[in-house]
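Each chain is listed here by its residues.
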Amino acid sequence: VRLNHSWKKRHYYTQDLVQRIAQAKKRVWISNAYFIPHPRIIRALRFAAWSQADVRILLSSKSDVFFIPWVSAFFYSRLIQSGVKIFEYQPKVLHSKTMLIDDWATVGSTNLNTRSFLHDLEVDIVLSLPNSMQSLQNQFLEDVKNAHEVTLQEAQMRPWYQKLIGRVFLSLRRWL
């Protein structure tokens, strides 16, 4: 159990995550509800993709916070250009927060946003049993079947008002 109840724990878990992503050899599969990552996470994801890891990010095409998909989309082009695959879940709001990084996995409440890393109390469970890892992998792959892979062209062709609103809210990232 990873509980971020102190500043020291929050800092440690953030550093640990960045390092795990950057050092991934096989895969980085992330499912997340509020994807407004710190630049260090973006760099780690891009580095993992450049290093030939299978990097996939599954996000919701709809959100309970209307502007979140537009803020998340701000990062799509750079990530896709680096080899990261971005999927937008279609059927309904996806609120899962899971990560599979090589043979390490978590399920919990941590979003990839500043609020989760600096302010909010979060709890995640680290999975290590093969059956648990397999179940999480199977669910991720099932969710990807119900998602649309965003192409570079689609990322670049988003409507101007979505880009503008996304950029405005991104300036408030410390509180998102």
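Residues numbered from 1 in each chain as written. Predicted model: local features only at pLDDT ≥ 70, side-chain atom pairs only at ≥ 80, totals over all residues. Heavy atoms only, no water.

Right, let's talk about the overall build of the protein chain for a bit. Along its length, the protein chain carries eight helices and eight strands. Radius of gyration (C-alpha) of the protein chain: 15 Å, near the 16 Å computed for a compact globule of 176 residues. The C-alpha extent of the protein chain, read off along each of the three principal axes, is 45 × 35 × 30 Å. For the protein chain, buried positions account for 51% of its 176 residues. Nonlocal contacts in the protein chain, meaning residues at least 24 apart in sequence, comprise 77% of its contacts between residues at least 6 apart. Entry remark: accessible area of the protein chain is about 9200 Å², with carbon and sulfur atoms responsible for 58%. (Helix = DSSP H or I, 4+ residues; strand = E, 2+ residues; numbered from the N terminus. Rg over C-alpha atoms; globule rule 2.2 N^0.38 Å. Buried < 20%, exposed > 50% of the residue type's maximum accessible area, 1.4 Å probe, protein only. Contact = heavy atoms within 4.5 Å. Areas by Shrake-Rupley, 256 points an atom, 1.4 Å probe, with all protein chains shown as cover.)

What follows covers the nonpolar core. Ranked by size, the top nonpolar core spans 38 residues in total, and within it Ile21, Val28, Leu45, Leu79 and Ile86 carry the most contacts. Listed by contribution, the elements that provide at least two residues to this core are helix H1 (7–22), strand E2 (27–31), helix H2 (39–50), strand E3 (54–60), helix H3 (68–73), helix H4 (76–81) and strand E5 (98–101). Here isoleucine 86 is in contact with Ile57, Leu59, Tyr76, Leu79, Ile80, His148, Glu149 and Val150, once residues within four sequence places are set aside. Counting residues in each nonpolar core, the second largest holds 13 residues, with Phe87, Leu94, Leu100 and Phe140 among its members. (Core = buried A, V, L, I, M, F, W, Y, C linked by side-chain atoms within 4.5 Å.)

What follows deals with the packing of H1 against H2. Between H1 and H2, the least distance of the axes is 7 Å, while the angle of their chain directions is 20°. The angle between H1 and H2 falls in the class roughly parallel. Crossing of H1 over H2 shows left-handed handedness. Across from Thr14, Gln15, Leu17, Val18, Ile21 and Ala22 in H1, the residues of H2 making contact are Arg40, Ile41, Ala44, Leu45, Phe47 and Ala48. A breakdown of the residues in the contact of H1 with H2 according to their chemical character gives nine nonpolar, two polar and one charged. (Axes fitted to C-alpha atoms, helices over the stretch in contact; angles between N-to-C directions. Parallel < 35°, antiparallel > 145°, perpendicular 65-115°, else oblique. Left-handed = near helix turned anticlockwise from the far one by under 90°. Nonpolar A, V, L, I, M, F, W, Y, C, P; charged D, E, K, R; others polar.)

On to the environment of valine 107, then. Inspection of the secondary structure assignment puts valine 107 in strand E6 (residues 104–108). Not counting residues up to four positions away in its chain, the partners in contact with valine 107 are Lys97, Thr98, Asp124, Ile125, Leu127 and Leu136.

A few words now on the side chain of aspartate 143. Structurally, aspartate 143 is set in helix H6 (residues 130–145). In terms of polar contacts, aspartate 143 uses its side chain to reach the side chain of glutamine 139, at 2.9 Å. With sequence-adjacent residues up to four places away left out, aspartate 143 is seen in contact with Leu58, Tyr89 and Leu94. (Polar contact = N/O pair within 3.5 Å; in protein donor to acceptor, adjacent residues only side chain to side chain.)

The next point concerns the environment of methionine 133. Its place among the elements puts methionine 133 in helix H6. By relative accessible area, which is 9% here, methionine 133 ends up buried. Sequence spacing of methionine 133 and threonine 106 is 27 residues, and the spatial spacing of their C-alpha atoms is 9.2 Å.

It is worth spelling out the pattern of salt bridges at this point. Within this structure, the stated rule accounts for five salt bridges. A salt bridge links arginine 20 to aspartate 16, with the shortest nitrogen-to-oxygen separation between them at 3.0 Å. Separated by four residues within a single helix, arginine 20 and aspartate 16 lie in helix H1, roughly one turn from each other. The class of aspartate 16 is buried, set by a relative accessible area of 11%. Here lysine 145 ties to glutamate 142 by a salt bridge, and the two come within 3.6 Å at their closest N and O atoms. Here the residue lysine 145 and the residue glutamate 142 both occupy positions in helix H6, the gap between them amounting to three residues, near one helical turn. What makes lysine 145 exposed here is its relative accessible area of 63%. For glutamate 142, a relative accessible area of 40% translates into the label partly exposed. (Salt bridge = Lys/Arg side-chain N within 4 Å of Asp/Glu carboxyl O.)

With that out of the way, let us pick up the pairing of E6. Inspection of the sheet shows E5 paired to E6 by four bridges, in the antiparallel sense. Directly across from methionine 99, in E6, lies its bridge partner threonine 106. Taking the residues that link successive antiparallel strands as the turn, the E5-E6 hairpin has two residues, and the phi of aspartate 102 there is positive, at about 55°. When E6 meets strand E7 (residues 123–127), the two strands line up antiparallel, connected through four bridges. Within the sheet, the bridge partner assigned to valine 107 lies in E7 and is isoleucine 125. (Pairing = 2+ DSSP bridges.)

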